[in-house]
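Read off the chains here:
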Amino acid sequence: EEAAAQLDKSKETAAGRSNSARDKDDRANTALELAALRKELAEAKAKTTAAEESLKKVQGDYNVLAAGDKISHRSFEVGDVGLFMLASRRNDGGKRTYLAFHTNCPHRYLSLDCVNGEPNFVVGRIVLQEELLAGDLGTDANPYGLPIGTKFWVVTVEVITSY
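Residues numbered from 1 in each chain as written. Predicted model: local features only at pLDDT ≥ 70, side-chain atom pairs only at ≥ 80, totals over all residues. Heavy atoms only, no water.

(A) Quick peek at the overall build of the protein. Broken down by element type, the protein carries one helix and six strands. The linear arrangement of helices and strands in the protein, starting from the amino end, is α-β-β-β-β-β-β. When contacts within the protein are restricted to residue pairs at least 6 apart in sequence, long-range pairs at least 24 apart make up 60% of them. For the protein, the accessible area works out to roughly 11500 Å², and carbon and sulfur atoms hold 54% of it. (Helix = DSSP H or I, 4+ residues; strand = E, 2+ residues; numbered from the N terminus. Contact = heavy atoms within 4.5 Å. Areas by Shrake-Rupley, 256 points an atom, 1.4 Å probe, with all protein chains shown as cover.)

Written out as structure tokens, the structure is:
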């Protein structure tokens, strides 16, 4: 009987060690899974933050125009919002030229002081318009290559957006 009791005790001890080893393995696996989930959560939070920042920028652009503003194309007055598109040619000085999107209001050019980088278009609120007469071709008095004596305007804007 004593031998049988020792055998049973020996089996219980082995089973206890076996359970203890399994518990350690389970804890290690749980820790690895938890670490992987924490990493995945951190990546998801970073993506969410980036998406929120992009959304705020787009909403900010929209909110500037949302108060009933519309892009002017038939008249250009201080306070109006204008769309200026990159013209297909550079002016005589080799600089990019931005022309206002318009209907029967030609020769409105965006002041290059308003342009950062080389966007394809600029949307901005007009803060100043300077009316000029085109001078001799190839001079600073005619940077857009217009016929001599043609009225043109250089428009300064507060940039709302540009791409």
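We are not done yet, so read on.
(B) Looking closely at the pattern of salt bridges. Scanning all chains against the criterion turns up two salt bridges. Across the pair E131 and K151 runs a salt bridge, and its minimum N-O distance is 3.5 Å. One end of the pair, E131, is in strand β5 (residues 121-133); the other, K151, is in strand β6 (residues 151-162), with 20 residues separating them in the sequence. E131 gets classed as partly exposed once you look at its relative accessible area, which sits at 46%. The exposure class of K151 is partly exposed, given its relative accessible area of 45%. (Salt bridge = Lys/Arg side-chain N within 4 Å of Asp/Glu carboxyl O. Buried < 20%, exposed > 50% of the residue type's maximum accessible area, 1.4 Å probe, protein only.)

(C) Highlighting the environment of G135. Its location among the elements puts G135 in the loop between β5 and β6. G135 gets classed as buried once you look at its relative accessible area, which sits at 16%. Spatially, the C-alpha atom of G135 lies 8.4 Å from that of L146, the residues being eleven residues apart in sequence. Beyond its immediate sequence surroundings of up to four residues, G135 is in contact with A141, N142 and I148.

(D) Highlighting the confidence of the model for the protein. Mean pLDDT over the protein: 79, with 74% of residues reaching 70 or higher. When pLDDT is averaged over each element of the protein, β5 comes out on top at 93 and helix α1 (residues 2-66) at the bottom at 69. (pLDDT = per-residue confidence, 0-100.)

(E) Region of interest: the packing of aromatic side chains. This structure, assessed with the given rule, holds three aromatic pairs. Considering the side-chain rings of Y109 and Y144, the 3.7 Å spacing of their centres and the 5° angle between planes classify their relative orientation as stacked. Of the two residues, Y109 sits in strand β4 (residues 108-110) while Y144 sits in the loop between β5 and β6, which places them 35 residues apart along the sequence. Taken as a pair, Y109 and Y144 share a single burial class, namely buried. (Phe/Tyr/Trp six-rings, centres within 6.5 Å; stacked < 30°, edge-to-face > 60°.)

(F) View of the nonpolar core. The biggest cluster of nonpolar side chains holds 13 residues, and the ones touching the most others in it are F76, F84, Y98, L110, I126, V155 and V157. When residues in this core are grouped by element, the largest group, three residues, is from β6. Aside from chain neighbours lying at most four places away, what touches L110 is F84, Y98, V115, V122, Y144, V155 and V157. Y109, A134, Y144 and V154 belong to the second-largest nonpolar core, a separate cluster that totals six residues. (Core = buried A, V, L, I, M, F, W, Y, C linked by side-chain atoms within 4.5 Å.)

(G) View of the side chain of T150. The topology assignment puts T150 in the loop between β5 and β6. Here P147 takes part through its backbone oxygen, which lies 2.7 Å from a polar atom of the side chain of T150. Not counting residues up to four positions away in its chain, the partners in contact with T150 are H107, L132, L133 and A134. (Polar contact = N/O pair within 3.5 Å; in protein donor to acceptor, adjacent residues only side chain to side chain.)

(H) Spotlight on unusual backbone geometry. Unlike most non-glycine residues, N104 shows phi in positive territory, near 60°. Structurally, the position occupied by N104 is in the loop between β3 (96-100) and β4. Located in the positive-phi region is H107, a residue other than glycine, with phi close to 65°. Relative to the helices and strands, H107 is located in the loop between β3 and β4.

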